[in-house]
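Descriptive analysis of the structure
So you can see what is in the structure, the chains are spelled out below.
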Amino acid sequence: MNQAIDHLETINRFTSTANEKEGITRLAYSLEEKEAKQWLMNSCEQLGLIVREDAAGNMIARREGKDVNLPAVAFGSHIDTVYQAGRYDGALGVIAGLDVLIQLNEEGVETDHPLELIAFTCEESARFGVSTVGSKAMAQQVDKAALCSLVDKDGTTFTDALAKVDLSVDAIECAERQPEALKAFVELHIEQAKQLERQGKTIGVVTGIAAPHRLFLVVKGETSHSGTTAMEDRHDALLAAAELSLELEHQSIMEKDWNTFATVGTLHVVNGAMNTVPGRVEMKIDIRSQYVHSRNRIITKLKQKISAVQKQRGVVIDIEHEEKTQPVQMNARIRSLITAICDEKGLSYLSLPSGAGHDSMNMARRWPTAMIFVPSVDGVSHHPSEYTKEEDCLVGIEVLKETVVKLANKDVFLS
Ligand SMILES: [Zn+2]
């Protein structure tokens, strides 16, 4: 078996699940994650790397360059998973990074810049409801007070969870790294969607990472008896919410060229009953795009629709809460390095946005960052049947390696 695929199997032995059918569960700050990290640290030490765990629980393994004063070229992904996850999300990028270092050692390649493999912790929000904690801490985006208030479904606080794996939430900000510490960050990840497969491409070159604009709406109508209230007398909160939902679908179809998606993920009829006209509905809306202007067009149309529906149906629609995250663009220079590598090797590729969030999103706010995608069979992810073909994993590793080696040349400038 190929060494990288073998290592992927090894890291996936660190799971709290009992059998293959249940997939992999390696939650953030769990003992399984700690053990996986320990295995990785041992593997890196055997390669002669300088290995450490930072204050947030990220693992960093450094291979010195010819000039130790140059900023490092970093690469990696996350080692935690959701509940009953697949075997590739996160783990592939970490194992790929390990394999790049093994290959460079075997080939005796020396680089100008130091290289660093980073295995992030707590990328998934599965345990505590917050995502990408490790990379947020590294790029100084972490909100310590908010973290301290978190509790998992078993009642363990974020603070206690860290203490159990010998970390302290008080020190989490010490994981911050200065802009001059890194030259670039590159993450190999599975696509978790069907674009590459559908278009028969091997490599995805990520253009940017979409971010959500979220709204929490409360629709206030009038609760009344379903048997005695004539249709024309009703102020049905659910029908008003339904109109808004369909408008969102329509508007996101209009924004198709921008890959902007609008979703009503939660629609709750408060005190709903079969014989009652809904009087109050709460809805949660997620509008995601790589482009703020596209997202904003949908928001404008939604707000126009809200005014119209209020008048037509005699309901009141309040926006109780609204939050937006800025999308990030991947570094254009690194993207063109990656596409040039694909051209050289005769690999087919597709430039595409990422709809899902990743650690690269936080890294990009501080360092030139890029992502390489490999195809997910049927687009399945966060499920035991998540799968990427072995040959696609290996091609991804090859492209990652070439990218890292090019970036580690002191004559390659990013700005
Ligand atoms: Zn991931």
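Residues numbered from 1 in each chain as written. Predicted model: local features only at pLDDT ≥ 70, side-chain atom pairs only at ≥ 80, totals over all residues. Heavy atoms only, no water.

Each pair of donors in an ideal octahedron of six around a metal sits at 90 or 180 degrees, and each pair in an ideal tetrahedron of four sits at 109.5 degrees. Within the protein, the atoms that donate to the zinc ion are His 78 (NE2), Asp 89 (OD) and His 189 (NE2), at distances of 2.0 to 2.2 Å. Every donor residue of the zinc ion comes from the same chain, spaced as H-x10-D-x99-H. Residue His 78 is located in strand β3 (residues 72-78), and its partner Asp 89 is located in the loop between β3 and α3 (91-107); the two are separated by eleven residues in the primary sequence. A residue is classified by how much of its surface remains accessible, and Asp 89, at 6% relative accessible area, is buried. (Donors = N, O, S within 2.8 Å, 3.2 Å for Na, K, Ca; no water. Helix = DSSP H or I, 4+ residues; strand = E, 2+ residues; numbered from the N terminus. Buried < 20%, exposed > 50% of the residue type's maximum accessible area, 1.4 Å probe, protein only.)

Below, the discussion takes up the pairing of strand β4 (residues 115-120). Remark: a regular strand shows side chains that alternate across the two faces of the sheet. Of all six residues in β4, six are buried; the element is thus mostly enclosed. Neither face of β4 is open: one carries Leu 115, Leu 117 and Ala 119, the other Glu 116, Ile 118 and Phe 120, and all of them are buried. Examined bridge by bridge, strand β2 (residues 59-63) and β4 share five bridges and lie antiparallel to one another. Following the sheet pairing, Arg 63 is matched in β4 by Leu 115. Across six bridges, β3 lies against β4 in parallel orientation. Counterpart to Gly 76 in the pairing with β4 is Ile 118. Of the crossover connections in this fold, the one passing from β3 over α3 to the parallel β4 is right-handed. (Pairing = 2+ DSSP bridges. Right-handed = clockwise from strand over helix to strand, strands pointing away.)

Right, let's get into the UniProt feature "binding site: allantoate" (unreviewed entry) in the protein. Here the UniProt-annotated "binding site: allantoate" (unreviewed entry) positions come out as Arg 214, Asn 275 and Arg 288. In sequence the annotated residues extend across 75 residues, and in space they extend as well, their farthest C-alpha pair lying 36.2 Å apart. Here Arg 214 shows up in strand β7 (residues 211-220). Since its relative accessible area comes to 33%, Arg 214 is described here as partly exposed. Every residue in contact with Arg 214, bar those within four places of it in the chain, is listed here: Ile 285, Asp 286, Arg 288, His 321, Glu 322 and Glu 323. Within polar-contact distance, the side chain of Arg 214 engages the side chain of Asp 286 at 3.0 Å. Every residue in contact with Arg 288, bar those within four places of it in the chain, is listed here: Ala 210, Ala 211, Pro 212, Arg 214, Asn 259, Thr 260, Phe 261, Gly 355, Ala 356 and Gly 357. (UniProt positions renumbered as here; feature names shortened; annotations may be inferred. Contact = heavy atoms within 4.5 Å. Polar contact = N/O pair within 3.5 Å; in protein donor to acceptor, adjacent residues only side chain to side chain.)

Examined against the element boundaries, Lys 37 turns out to sit in helix α2 (residues 31-46). A relative accessible area of 3% means that Lys 37 is categorised as buried. Sequence separation of Lys 37 and Asp 152 is 115 residues, and the distance between their C-alpha atoms is 21 Å. Residue contacts for Lys 37: discarding those within four places in its chain leaves Glu 53, Gly 57, Met 59 and Ile 79.

With that settled, the discussion passes to the UniProt feature "binding site: Zn(2+) 2" (unreviewed entry) in the protein. In this numbering, the UniProt entry assigns the feature "binding site: Zn(2+) 2" (unreviewed entry) to Asp 89, Glu 124 and His 382. Despite a sequence span of 294 residues, these residues sit close together in the fold, their greatest C-alpha distance being 10.2 Å. Turning to its location among the elements, His 382 is positioned in the loop between β15 (369-374) and α12 (390-407). Not counting residues up to four positions away in its chain, the partners in contact with His 382 are Val 82, Gln 84, Ala 85, Asp 89, Glu 124 and Gln 192. Looking at His 382, its side chain comes within polar contact range of the side chain of Glu 124, at 3.3 Å.

To continue, consider the sheet that holds strand β12 (residues 316-324). Hydrogen bonds along the backbone pair up the strands of a sheet, which may run parallel or antiparallel. Pairing is antiparallel in the open sheet, where four strands are placed in the order β9-β11-β7-β12. Taken across any chain shown, the strands that pair with only one partner, and hence form the sheet edges, are β9 (261-269) and β12. With direction set aside, neighbouring strand axes in the sheet form an average angle of 20°. Bridge analysis of β7 against β12 gives eight bridges, and the strand direction is antiparallel. (Axes fitted to C-alpha atoms, helices over the stretch in contact; angles between N-to-C directions.)

This paragraph deals with the packing of helix α1 (residues 3-11) against α3. When two helices pack together, their arrangement is captured by the angle between the axes and the distance separating the axes. Packing of α1 against α3 brings their axes to within 9 Å, and their N-to-C directions diverge by 135°. Our classification of the angle between α1 and α3 gives oblique. The hand of the α1/α3 crossing is right-handed. Taken together, the residues of α3 that come into contact with α1 (itself represented by Gln 3, Ala 4, His 7, Leu 8 and Ile 11) are Ala 91, Leu 92, Ile 95, Leu 98, Asp 99, Ile 102 and Glu 106. Partitioned by chemical class, the residues of the contact of α1 with α3 number eight nonpolar, two polar and two charged. (Parallel < 35°, antiparallel > 145°, perpendicular 65-115°, else oblique. Left-handed = near helix turned anticlockwise from the far one by under 90°. Nonpolar A, V, L, I, M, F, W, Y, C, P; charged D, E, K, R; others polar.)

A few words on the domain arrangement of the protein. Annotation of the protein at the domain level lists domain 1 (3-209 + 327-407) and domain 2 (211-324). Of the residues lining the interface, nine residues belong to domain 1; the matching set on domain 2 comes to eight residues. Interface area, domain 1 with domain 2, both sides summed: about 610 Å², of which 52% is carbon and sulfur. Residue contributions to the side of domain 1 that touches domain 2 peak at three residues, all from strand β6 (residues 203-209). Across the side of domain 1 that touches domain 2, the residue classes break down as four nonpolar, five polar and no charged. (Domains from an automatic or database assignment. Buried area = accessible area lost by both parts, 1.4 Å probe.)

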